[in-house]
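This is what each chain is made of:
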Amino acid sequence: MPLVPYALARPLLFRLDPETAHEHTLDMLARGAGTPLQWAWCGETVGDPIELAGLTFPNRVGLAAGLDKNARCIDGLAAMGFGFVEVGTVTPRPQPGNPKPRMFRLPDARALINRLGFNNDGLDAFVANVQRAAVRRTPRRPLLLGLNIGKNAATPIEDATADYLRALDGVYPYADYVTVNISSPNTRNLRALQGDEALDALLGAVAARRGELAARHGRRVPVFVKIAPDLDGDQVGVIAATLRRHGMDGVVATNTTIARDAVRGLAHAEETGGLSGAPVREASNRVIALLRAALGKDFPIIGVGGILSAADAVEKIRAGADVVQIYTGLIYEGPALVSQAARAIKTLRG
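Residues numbered from 1 in each chain as written. Predicted model: local features only at pLDDT ≥ 70, side-chain atom pairs only at ≥ 80, totals over all residues. Heavy atoms only, no water.

Q: Which residues make up the sheet that holds strand β11 (residues 274-277), and what values go with them?
A: Across the sheet, which stays open at both edges, the 3 strands sit in the order β5-β6-β11 with antiparallel pairing between neighbours. Because the sheet does not close on itself, it has two edges, and the strands there are β5 (103-106) and β11. Strand-to-strand, the axes of this sheet are offset by a mean angle of 20 degrees, without reference to chain direction. Here 4 bridges tie strand β6 (residues 111-114) to β11, and the two strands are oriented antiparallel to one another. By the bridge assignment for β11, A111 is matched with G277. (Pairing = 2+ DSSP bridges. Helix = DSSP H or I, 4+ residues; strand = E, 2+ residues; numbered from the N terminus. Axes fitted to C-alpha atoms, helices over the stretch in contact; angles between N-to-C directions.)

This is the structure in C-alpha cells:
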C-alpha cells in the first residue's frame, strides 16, 4: 500500500499548474523507481490473468497512453499494480507539441482538457528509455508493455502513413503490443484517418509492414488501433469492418472527446483540446458497446475513458471491454484506484 495517502498529496499537486504537476510527478516516478521512495505510490498487483491477442495480461487494469509519452517511468508505473502499461504517443521526430498553457483541470467535473499535441523527445529517445526499463529485463514479466505511435504534426496528412510505418519499425522489437493512435484531437486532421478510405489505406500498409517485421524478428506483435468517442454507429461499423479486414488484433476505445455538453459553464470548459475524465465515460461506453456488437465476442477491446472508481471499471467490462485503462482517474483518485479496479473486475468474473 502507498506510504503517503493520495488524499494528502493531491491538494499540494493541485496548487501547481497542471502541466508542472504532471512533470514533477513523472520526475518522481522516474527517479524513485526501485528506491525506498517507491513506497509513496506502490500498490498490490491483483492476479487476474486473461489471454488476449496471444498475450497474457496479468490483470485487467492498465495505464492509458499519454501520461508517460517518453517511456521514462515504466518501472515506477509498474509498482502501482497495473497489469499492463501503455506509453507514448511517440512520433518519429522530436516535437515540442502545442504552445502552453495546454492542460487544464475541471475539478467540479473530475475532468481534464489537454491540447498537448504529442509533445515527445522522438523515437530514438523513446526506444532507449524502453530498453533501460528494468521490468523488461526480468525473467518473469510483471506487466505487459504497449507502445503507442503517431504522426508528427508537421507531416502532411497525406504522408501520415510513412510516419506510422517508421514508428512501427522502431518500436516493434520492444513492444508486447503496438497501438496506432489515429484519434487524438490535438494533431491537425489526425482524426480524418478514421474515415473509411483513409483508414483502409493506413491499416493496409500497417498490416503489410507488420508481416515483414514479424518475419524479420521471428515474432508477431499484436497491433491495436485507438479510436475516438465522437463517432456515430455507422462510423463505428466501418471501423470495425476495417479492423477485421486488415487483421488488426484489437481496438482501444476511446480517446478524449471534443464534446463539451457535460462541462458547459465551468471554468476552462471552452478551451480547445481533448476532454477526459468523468464526462467521457458514457460516450466511451457507447462506442465500446457498438464495437462489441459489430466485432463479436472474441475480438479484443481495451476500454478507456472516465474510470474514476472501481464501479466505473466494472461498467466498462459490462459494456463489452475485455480490459480497461485509466489516466485521468489516476490524477483525481490516486494509485489506489489501480488495485481497487482490478479487484472489482476480478470479483465480477467470479
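Q: An account of the packing of aromatic side chains is needed here, citing residue identities and associated values.
A: For the structure shown, the criterion picks out 4 aromatic pairs. Judged by centre distance (5.0 Å) and plane angle (85 degrees), the ring pair of F57 and F84 falls under edge-to-face. One end of the pair, F57, is in strand β2 (residues 55-57); the other, F84, is in strand β4 (residues 84-90), and 27 residues separate them in sequence. With a relative accessible area of 0%, F57 lands in the buried category. Judged by its relative accessible area of 0%, F84 is buried. Note on F57 and Y177: the rings are 6.4 Å apart at their centroids and 35 degrees apart in plane angle, and the pair reads as tilted. Taken together, the residues span a long stretch of sequence, with F57 in strand β2 and Y177 in strand β8 (residues 177-181) at a distance of 120 residues. The exposure classification of F57 matches that of Y177, with both residues buried. Aromatic ring contacts, followed pair by pair, group F57, F84, Y177 and F224 into a single cluster. (Phe/Tyr/Trp six-rings, centres within 6.5 Å; stacked < 30°, edge-to-face > 60°. Buried < 20%, exposed > 50% of the residue type's maximum accessible area, 1.4 Å probe, protein only.)

Q: Explain the side chain of R115 residue by residue, including any values.
A: For R115, the location among the structural elements is in the loop between β6 and α4 (123-132). Taking relative accessible area as the criterion, R115 reaches 18% and is therefore assigned buried. A polar contact of 2.9 Å, which involves the side chain of R115, links it to the side chain of E271. In this structure R115 touches N98, P101, R102, F104, N186, E271, T272 and G273, once residues within four positions along its chain are discounted. (Polar contact = N/O pair within 3.5 Å; in protein donor to acceptor, adjacent residues only side chain to side chain. Contact = heavy atoms within 4.5 Å.)

Q: Talk me through unusual backbone geometry; I want residue IDs and the actual numbers.
A: Residue P101 is reached from K100 by a cis peptide bond, and omega for that bond is -5 degrees. On the secondary structure map, P101 appears in the loop between β4 and β5. Following A253, the chain continues to T254 via a peptide bond in cis, the omega torsion being 15 degrees. Structurally, T254 is set in the loop between β10 (250-253) and β11. The phi torsion at A53 lies on the positive side, around 50 degrees, for a residue other than glycine. The topology assignment puts A53 in the loop between β1 (50-52) and β2. Judged by its relative accessible area of 25%, A53 is partly exposed.

Q: Any details on the pattern of salt bridges? Residues and values, ideally.
A: One pass over the full model with this rule turns up 20 salt bridges. For D312, the salt bridge is made with R281, and the minimal N-O distance between the two is 3.9 Å. Of this pair, D312 sits in helix α9 (residues 310-319) while R281 sits in helix α8 (residues 281-295), and the two are 31 residues apart along the sequence. A salt bridge links D322 to R292, with the shortest nitrogen-to-oxygen separation between them at 2.9 Å. Within this pair, whereas D322 is found in the loop between α9 and β13 (323-326), its partner R292 is found in helix α8, the two being separated by 30 residues in sequence. A relative accessible area of 15% places R292 in the buried class. Sharing partners across several salt bridges, the network here consists of E23, D27 and R72. (Salt bridge = Lys/Arg side-chain N within 4 Å of Asp/Glu carboxyl O.)

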